[in-house]
Amino acid sequence: MEESRDGDWTLVARKPYFGLPTACPVCLPVYIYLKFARCPFNLEINSAYPDSDQIPYVEGGTYVAYNNEKGGVIQQLKQDGVVDLDSEFSSLPEWVSMKAMMSSWLADAITYELWLGSGENSAKQIYYSDLPWVIGKVLFVKQVYDVKQRFNISKQNAEKKEEERMAVIVSTIASANTMSKNKLFHPCRPTSLDADLVGHVLFTLKALPEDSVIRAALLEHGNLVRYAERHKNDFLTSGQSSASASNFQPPPSAAQASSKPKRKPKREKTEEEKSFQRKAKYFIGAQLVAVLLFLSLLGSSSKADLDEDDED
Amino acid sequence: MAKPDEFKPDSPSENPKTEVDDENGDDGYEEEEEEETEEHELDEEEDDEPEPQLRGRIPQSAVRMQQAKLQGLFQRLQTQTVPLRVHDVLIKGNTKTKDYLIESEAALFKNCTTMQQILEVSRAVNFRLQALEIFDSVKITLDSGPPELPGTSNVIVEVQEAKSPLSGEIGAYTKAEARSSTVEGTLKFKNIFGHGDLWDGSFAYGWDNLAELSAGVHFPRFRGASFPLDVRAFLLSQDWLQFSSFKERSMGLSVALLSSTNHDLVYNLGWRTLTDPSQLASRSVRMQLGHSLLSSLKYTFKVDRRNSPLRPVRGYAFAATSQIAGLAPDSRCSRFLRQEVDLRYAIPLGILNSALNLGISGGIVFPWGTGFKTLPSPLPDRFFLGGNSSPISSLGGPTTVWGYRTRGLDPTEPRRQLKSNGGDEDAADPGVDFLGGDLAVTAFADLSLDFPLRWFRDRGIHGHIFASAGSLERLTQNAYKDFSLQKFVSSFRTSVGAGIVVPIQPFRLELNYYYMLKKFEHDRGKPRFGVTFSM
């Protein structure tokens with residue numbers, strides 16, 4: 001077992017895609033938040049568990065901050081004293097209300113768009129492209145059903161829900177635009193609100209298709225787009241910062257940490273994936289035919305032997 | 001029930017088909033094999049000598065004659081070879097069951113050349129037909145062959161198909177997919193399509209928190225094949241939270257492609273999911289949570305020449321299991337190679353029915369494919385040592401070191417540490433996860449002997465003194481670079497003990513005292529009394 005990882009933090013997130021370090025709309029704000037904190041951390045990819053609500057999570061030694069605990073990873077990191085970028089702003093009412101809108105309304109709208117709207121192909125690429133075809137297909141159908149249950153969507157109220165969603169998107173983005181003009185977002189002292197905003201905007205621009213409703217609404221507010229792009233350039237080109245870790249507490253000592261293989265993000269090629277799916281179907285069909293042929297040949301040879309003996 | 005061996009020869013005068021002595025220079029001897037009632041009726045029909053037929057009474061002279069004939073026949077069968085061939089096998093009584101099924105089971109008759117062989121084969125065929133579990137009774141009768149073919153006979157196989165196609169069972173089994181022995185209840189539907197097919201639905205519970213729901217079909221000879229075909233759909237759940245902080249759920253298909261006394265070839269296609277509801281798993285376990293597709297072929301070769309698997313006194317046993325997973329063009333399947341080997345040897349010592357049993361088991365698992373050197377082996381397929389089963393009975397790879405609890409050997413990794421509600425202080429120690437090993441070796445020596453008291457001997461209860469050793473090692477993720485034989489040998493844990501063995505067919509119950517000679521910090525084993533239960 002290697003012990004070279006003492007003192008290292010690791011973010012376990014979904015796979016990178018669309019030019020983003022992690023293409024999952026839940027994982028990206030956490031990634032950006034850690035980048036804002038300017039402390040080195042490793043990014044590990046988990047492609048085998050797309051339906052887990054534990055991911056993303058941050059781990060260091062025996063410490064783990066899961067996404068489904070204590071209000072999310074960022075909230076847990078703040079509560080546990082690991083990293084807190086919001087200490088100066090968390091008492092501001094505008095900041096709190098904007099944070100709530102970002103983490104609930106806008107996040108839900110993106111989730112809806114991703115699973116029930118125009119982002120279906122994006123969802124398959126992000127979550128299921130590294131899983132065998134059958135498993136990915138079943139999990140996708142299950143996830144779509146779960147999202148419908150979560151938003152209480154049925155055939156009868158689908159249109160009404162869509163109208164409500166549109167209204168929410170427009171008002172949230174407009175509010176964000178207003179807040180950005182009022183200097184609520186601090187490029188020099190970013191908070192988790194900035195991380196949410198940048199994460200959601202980048203995901204919308206990069207991962208959702210051009211006919212996406214959210215994307216169209218967002219492009220009407222250029223300052224938000226520019227703000228997000230600037231941050232993207234910052235953390236994508238700077239790499240892991242080695243600046244002082246005043247905002248980041250070191251992880252607890254990891255006794256006997258095991259060796260940790262880094263799952264390198266795979267470069268997916270659409271054509272290769274399609275050919276794999278084709279080959280899988282041919283393989284299953286060929287196996288069935290081979291088994292049937294084998295059994296029928298055996299049966300006919302045994303029958304031939306019996307017939308010969310009868311003639312004797 | 002069938003009585004295939006019951007027959008009574010007629011006297012030459014009574015049966016015109018029977019050839020007597022060497023009148024024609026033919027040493028052939030034909031006899032007729034019938035039930036007593038049919039024999040009695042035939043006697044009445046062919047009896048040329050008029051005798052007073054008293055109701056319910058056979059004349060004493062006829063009885064004496066029959067007895068004399070029988071004795072003569074038995075003597076002849078014991079001392080002489082009676083040449084007789086089977087001309088034809090006639091099947092009666094099957095309204096639903098396909099002829100080919102019964103004919104294939106009765107195919108052994110065609111190689112018979114003597115009466116003795118025919119009788120022996122009759123027993124075997126009767127047993128095999130009964131074993132199909134689709135007949136209420138099986139009756140095999142020998143009749144004389146066509147007159148133009150002397151020295152031949154016809155075999156009449158009369159079956160009575162099961163009246164009720166439905167049956168239920170509760171028992172203890174070891175199945176292809178189960179990793180340990182299980183207790184299960186089964187509901188069976190028999191012979192629905194006439195191919196001897198057995199459809200069953202079953203629920204099984206194993207000793208190591210295994211629960212399995214499955215449904216399957218068994219074809220004894222599908223379209224004349226010489227081996228059975230088993231197809232099984234299963235839903236399996238295994239709880240390892242206590243030991244390794246994960247739960248395993250699998251669903252899929254298992255096809256037994258080849259099944260005979262010594263060989264087993266099984267194909268498994270399954271969707272496997274590892275979860276951690278406790279959210280306490282260590283880092284190595286967290287990395288393995290999620291979904292995977294398992295497409296594997298597993299071949300087992302087994303030979304057991306011991307006099308008894310429950311209390312072997314002499315003989316040897318050998319088993320080797322090879323598994324290759326990842327048999328699909330999709331590289332996203334779980335890919336690994338797994339090999340297990342078992343060897344057992346029993347040496348009789350001649351005093352008090354004592355015997356020295358020696359055994360060694362080894363196993364290795366390693367991933368294959370692109371980047372295999374840095375990939376971990378799948379957690380459920382690694383080797384874990386420890387448990388409450390005896391290594392003497394089981395031939396399932398390295399699993400047990402006497403005295404150590406289930407999955408009780410290193411390597412381990414600390415679990416997630418939670419902060420208490422109070423503040424900065426950590427909560428209670430959550431313990432460690434047992435991660436298993438890619439390489440495992442176990443060995444044991446067991447001296448068994450009878451107790452002096454007859455009461456124990458009559459019940460098979462005996463004592464034993466034993467010693468065992470075992471070790472696990474990681475090889476994957478470049479750990480093989482640090483592997484050395486010396487280090488591996490020095491990592492062996494050892495234990496000794498003594499106890500009483502109570503054989504309760506088909507189980508072996510041991511009441512033992514264990515003492516650990518060598519153990520590591522996190523190994524779960526200590527000097528104690530314990531019970532071992534295996535089959």
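Each chain carries its own residue numbering, running from 1 in the written order of its sequence. Labels are handed out in written order, letters beginning with A for the chains and numbers beginning with 1 for the ligands. Only residues with pLDDT of at least 70 are given local features in this predicted model, and only at 80 or more are side-chain atom pairs given and counted; all residues enter the totals for whole chains, interfaces and linings. Excluded from the side-chain calculation are hydrogens and water; included are all heavy atoms of the structure.

Novice: Would you mind showing me how to read the overall build of chain B here?
Specialist: In this text, helices come from DSSP runs of H or I with a minimum length of four residues, and strands from runs of E with a minimum of two, each type numbered from the N-terminal end. When helices and strands are counted, chain B shows eight helices and 21 strands. Per-residue burial over chain B gives 49% buried out of 535 residues. Any pair of residues with heavy atoms lying within 4.5 Å of one another is described as a contacting pair. Restricting to contacts in chain B with at least 6 residues of sequence separation, those with at least 24 account for 59%. When the accessible surface of chain B is totalled, it reaches about 25,300 Å², and 58% of it is carbon and sulfur. For each residue, the accessible area found with a 1.4 Å probe, counting protein chains only, is set against the maximum for its type, and the residue is called buried under 20%, exposed over 50%, and partly exposed in between. Computed with a 1.4 Å probe, the accessible areas rest on the Shrake-Rupley method; for each residue, only the protein chains presented here act as cover.

Novice: Teacher, can you tell me more about the pairing of strand S18 (residues 462–473) of chain B here?
Specialist: For a regular strand, side-chain orientation follows a simple rule: the groups alternate between the two sheet faces. Residue and element names in this part refer to chain B. A large share of S18 lies buried, amounting to ten of its twelve residues. As judged from the twelve bridges shared by strand S17 (residues 439–450) and S18, these two strands associate in the antiparallel manner. Paired with Ala440 across the two strands is Leu472, which belongs to S18. For S18 and strand S19 (residues 493–504), the ladder comprises nine bridges, and the chain directions are antiparallel. When the bridges of S19 are listed, Ser468 appears paired with Ser495. Here, strands pair whenever DSSP counts at least two bridges between them.

Novice: When you look at the nonpolar core in this model, what are you seeing that I'm missing?
Specialist: It is characteristic of soluble globular proteins that their nonpolar side chains tend to be buried jointly. We define the nonpolar core as a collection of buried residues of types Ala, Val, Leu, Ile, Met, Phe, Trp, Tyr and Cys that are connected through side-chain atoms lying within 4.5 Å of one another. Counting residues in hydrophobic clusters, the biggest one holds 89 residues, and the most contacted among them are Leu77 and Trp115 of chain A. Here this core gets ten residues from one element, more than from any other, and that element is helix H3 (residues 93–116) of chain A. What Leu77 of chain A contacts, discounting residues up to four positions off in sequence, is Leu34, Val58, Tyr63, Ala65, Val82 and Val83 of chain A. Counting residues in each nonpolar core, the second largest holds 25 residues, with Ile91, Leu101, Ile140 and Val157 of chain B among its members.

Novice: For this particular structure, what's the right way to read the pairing of strand S11 (residues 290–304) of chain B?
Specialist: Residue and element names in this part refer to chain B. Note: strand S10 (residues 263–275) against S11, twelve bridges, orientation antiparallel. Of the residues in S11, the one forming a bridge with Tyr267 is Leu297. Bridging between S11 and strand S12 (residues 315–325) involves nine bridges; their strand directions are antiparallel. Paired with Phe301 across the strands is Ala320, a residue of S12.

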